[in-house]
Amino acid sequence: MICTSPVGMTWDTETRRGHLLITLTFLQLIAWSTPFPALTGSGPLYGPNDFVYVLNASTIQNMVFYSDRAWLVEFFSSWCGHCVQFAPVWKQFATDLKEWRSMVMVAGIDCADDLNVGSCREFEIMGYPTLKLFPKNAKRNVTSEGKSVLNTGEVFQRPNSMVLLKNNLIDALIPMFPQTLVAFNESFSKNLLTPKSFWENPEFSNGAQFLLLVYENSDSHAGLEVALRLSNYQKSCRVVRFNEKNPMYLRLSLDGWPAAGYISKDGTFGSLILGNNQDIIDLLTKAVIGLAQITQIEELPWSEVVGETHKGLKGSGGGALENYDNIPSNLEDKVSTEDLLHTVRNLLRNEVGLLQKIDGPKLVALKNFVSILSQYFPSDRREVQVFLVKLSDWIRHQREIENYKYLEKLNDMEAELNPWDIDMNIWYDCRPTVPGRRGYSCGLWRLFHTLTVIGLEKHEDTQILPAIHGYVREFFGCKECAKHFDEMVERDNALQLRSIRDQTHWLWKAHNEVNLRLIGTPSEDPAFPKIKYPSSEHCPECYIINDFDEGKVEEYLLRVYSRPERYMDKMDSDTRRNRKNMNGTASKLSSSSWMGGLFSLADMGIFMMLYFSIVLLLVFAYIHFKVARRRRYDPIFCLHRAWSKILSNY
């Protein structure tokens, strides 16, 4: 079959469109076939099936201010061990309060996400997890010392009991919703002689068709919680609370204390039996729904309510579930340079950078710690070393540091020197297998060990441990973790250790003590269980029966921490070795580092695809100009028509 161009068709019309279609098709094929890694960032502690509303920097102020309901927000960090342990409690709390949504929202924001750090700084978050309550109709700005400043919310204490947490929130909600939650005193209730008197007084009915009367002590929260559970149905029913008996108590033939009864606008009324061993709150809620014939609203996770999904939060702050398919799955005890750089960048930006002002003991701690970093951080690039030295020198000359000046300095120096030549979405040796595990906390321990070990290797008896302790006490976001570390330092009088060898050994023992305390807790990554370190598998010579040989442990620490490695360099080496074993020889072109590391395998793949695509296009052009010009047969047009038919089928 011969395909010819229709009469009157010119090169400038359909044929050009055919060429354009072919070109775009090849480019699309390139995009589909190029094996880019899918880095998803850090996994959030709260997912799409939870009832915790996940806020971020772009939504938090629009949500919590000028709202017709209160907001209780957890400011957390996905790497913080205590946040991980608190997450199941917060999820359950949000689930229990899902029926209260018309009056209060339970939410969370991850301060480990780079995009949220600025918001957490604005709301003056100094540690994790921090709960803050924003009342109904909270204003965005408040006056402080004659100035208009951002309303940072009220710190909400986090008790150990779920019941106390719930009751404390109820107490805070009472003044916000007095019509729904305030109990009526004797002056109101003494004239309530008949059920009809309730409907004559709009103070009680407030437009409802069914009233639940609850008699309970003033410090009881049962009636209040029932009112909150039924708050979505206030046009149908209402809870009226009394703290003392009144004429209606007798009219309803109530007995005992607490007690409950009901009256309906259709004239029916009666009492409700409260069993001794029953959940009174659940019993009363179900009784009202049944008697008032209320059609219940299905409570959905917030991702479905607002029509959006909980998005993964980028993992510069902590453990992530990135695509680690290309990373060897061995459990070799190594320290990667990438993780150390990731950690230093995190602590400088996401922890120190949270403070509005750095002065007093905090400034002293920062000067000491950055000075130690500038001396003992194992830089494999001159830019990193220069960055740390210049930052230390700048901080050393400051008497106090405003946050904006500190961040400006970081931005300027990072733009000048580019010290963080790594992917901030990936942890390597500190990679997690569960959201919120390892990551930054693992990197911080490795950084601390590296600093002391390099000091030991240099035989310099410097005060590295006091600098580490100062940083943890003044800046580490997990305040419970910092408290435990501070207690260990004080208990062992560790700040008096002058020898760097003693400081190195103490830090190793402290790490093992922390591991022992965290065994079996929610913050433990199941693929990396908390064990004695180093393990007998990695260092069998470190053990004497069931105890450690501290001399061998020291040798092991020196071996592991004194020479951090670039993980990507190791991957390049492993790739070349594997290909050599498979093919008998290693091709220079197929190595994952080409032209001195300028281009990677992915880059070379793109170049090759583009090369072959251009060759094909040139061939088509040649055929058209040299052949189709002398014949009515136009291969480009034919290919265009054939390809259009294929695409139309899809």
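Residues numbered from 1 in each chain as written. Predicted model: local features only at pLDDT ≥ 70, side-chain atom pairs only at ≥ 80, totals over all residues. Heavy atoms only, no water.

Q: Got a sec to walk through the overall build of the chain? Specific residues and values, please.
A: Along the chain, the regular secondary structure elements total 25 helices and 15 strands. In the chain, once contacts between residues fewer than 6 apart in sequence are set aside, the share between residues at least 24 apart is 75%. (Helix = DSSP H or I, 4+ residues; strand = E, 2+ residues; numbered from the N terminus. Contact = heavy atoms within 4.5 Å.)

Q: Hey, could you go over the sheet that holds strand β1 (residues 53-54) for me, with residue numbers and the actual values?
A: Here we have five strands laid out as an open sheet, ordered β1-β3-β2-β4-β7, and mixed in their pairing. Each end of this open sheet is capped by a strand with a single partner; those strands are β1 and β7 (154-155). Across the face of the sheet, helix α5 (residues 162-173) comes into contact with β2 (70-76), β3 (104-110) and β4 (130-134) while running at roughly 25° to β4. (Pairing = 2+ DSSP bridges. Axes fitted to C-alpha atoms, helices over the stretch in contact; angles between N-to-C directions.)

Q: Outline the nonpolar core, listing residues and values.
A: Ranked by internal contacts, the top residues of the largest apolar core, which has 151 residues, are Phe75, Trp90, Leu169, Leu173, Leu348 and Tyr471. With 10 residues, the single largest contributor to this core is helix α18 (residues 440-457). Leaving out residues up to four positions away in the same chain, Phe75 has contacts with Ile60, Ile109, Cys111, Cys120, Phe123, Ile125, Tyr128, Pro129, Thr130, Lys132 and Phe134. Counting 15 residues, the second largest nonpolar core, distinct from the first, contains Phe184, Leu213, Leu254 and Ile263. (Core = buried A, V, L, I, M, F, W, Y, C linked by side-chain atoms within 4.5 Å. Buried < 20%, exposed > 50% of the residue type's maximum accessible area, 1.4 Å probe, protein only.)

Q: How would you sum up the sheet that holds strand β11 (residues 269-272)? Please name residues and give values.
A: Spatially, β9-β8-β10-β11 is the arrangement adopted by the four strands of the open sheet, whose pairing is mixed. The sheet is open, and its two borders are formed by β9 (237-242) and β11, each paired with just one other strand. Here the average twist between neighbouring strands, direction ignored, is 20°. Sheet topology places strand β8 (residues 210-215) next to β9; six bridges connect them, and they run parallel.

Q: Please give an account of a nonpolar patch on the surface that cites residues and values.
A: A contiguous nonpolar patch, built from Met608, Tyr611, Phe612, Val615 and Val619 and spanning about 450 Å² of accessible area, is present on the exposed surface. Assignment of secondary structure puts Met608 in helix α24 (residues 601-626). For Met608, a relative accessible area of 37% corresponds to the partly exposed category. (Patch = residues over 30% accessible without salt bridge, like charges linked within 9 Å, V, L, I, M, F, W, Y side chains within 5 Å. Areas by Shrake-Rupley, 256 points an atom, 1.4 Å probe, with all protein chains shown as cover. Salt bridge = Lys/Arg side-chain N within 4 Å of Asp/Glu carboxyl O.)

Q: Requested: an account of the pairing of strand β10 (residues 259-264), with residues and values cited.
A: Each regular strand shows side chains that alternate between the opposite faces of the sheet. Of all six residues making up β10, six are buried, and the element is well covered by its neighbours. Side-chain alternation along β10 places Ala259, Gly261 and Ile263 on one buried face and Ala260, Tyr262 and Ser264 on a second face that is also buried. Bridge count between β8 and β10: six bridges; the pairing is antiparallel. Each bridged residue has a counterpart across the sheet, and for Leu211 the counterpart in β10 is Ile263. Counted between consecutive antiparallel strands, the loop separating β10 from β11 contains four residues, among which Gly267 sits at a positive phi close to 100°.

Q: Would you mind going over the packing of aromatic side chains in detail, with residue names and values included?
A: Any aromatic ring pair is given by two values, namely how distant the centres are and how the planes are angled relative to each other. Under the definition given, this model contains 25 aromatic pairs. Between the aromatic rings of Trp79 and Tyr440, the centroid separation amounts to 4.8 Å while the plane-to-plane angle is 65°, which identifies the pairing as edge-to-face. Highlighted residues: Trp79 in the loop between β2 and α3 (81-96) and Tyr440 in helix α18, separated in sequence by 361 residues. Of the two residues examined, Trp79 and Tyr440, each falls in the buried class. Note on Trp79: relative accessible area 5%, which makes it buried. Members of the aromatic cluster, joined through ring pairs, are Phe65, Phe75, Phe123 and Phe134. Over the aromatic face of Phe51 sits the side chain of Lys98, whose NZ or CZ is 5.8 Å from the ring centroid. (Phe/Tyr/Trp six-rings, centres within 6.5 Å; stacked < 30°, edge-to-face > 60°. Lys NZ or Arg CZ within 6 Å of the ring centre and 35° of its normal.)

Q: Lay out the state of the cysteines with the relevant residues and their values.
A: Here a disulfide denotes one covalent bond, and it connects the sulfur atoms of two cysteines. Summed over all chains, the structure comprises four disulfides. Note that Cys478 is cross-linked by a disulfide to Cys481, the S-S spacing being 2.3 Å. Handedness here is read from the sign of the S-S torsion; for Cys478 and Cys481, about 60°, the answer is right-handed. Overall, the relative accessible area of 0% leaves Cys478 in the buried class. (Disulfide = S-S within 2.5 Å.)

Q: Can you tell me about empty space enclosed by the protein, naming the residues and giving the values?
A: One pass over the full model with this rule turns up four cavities of 30 Å³ or more. Among the elements that make up the lining of the largest cavity, the one with the highest residue count is β9 (three residues). Among the residues making up the lining of the largest cavity, the classes are represented as four nonpolar, three polar and one charged. (1 Å grid on protein atoms, 1.4 Å probe; cavity = no way out; pocket = protein on both sides within 12 Å on 5 of 7 lines; lining within 4 Å. Points joined across faces, edges and corners; volume = space filled by probe spheres on them. Nonpolar A, V, L, I, M, F, W, Y, C, P; charged D, E, K, R; others polar.)

It is worth stressing that arrangement in space is one thing and function is another; only the former is reported here.
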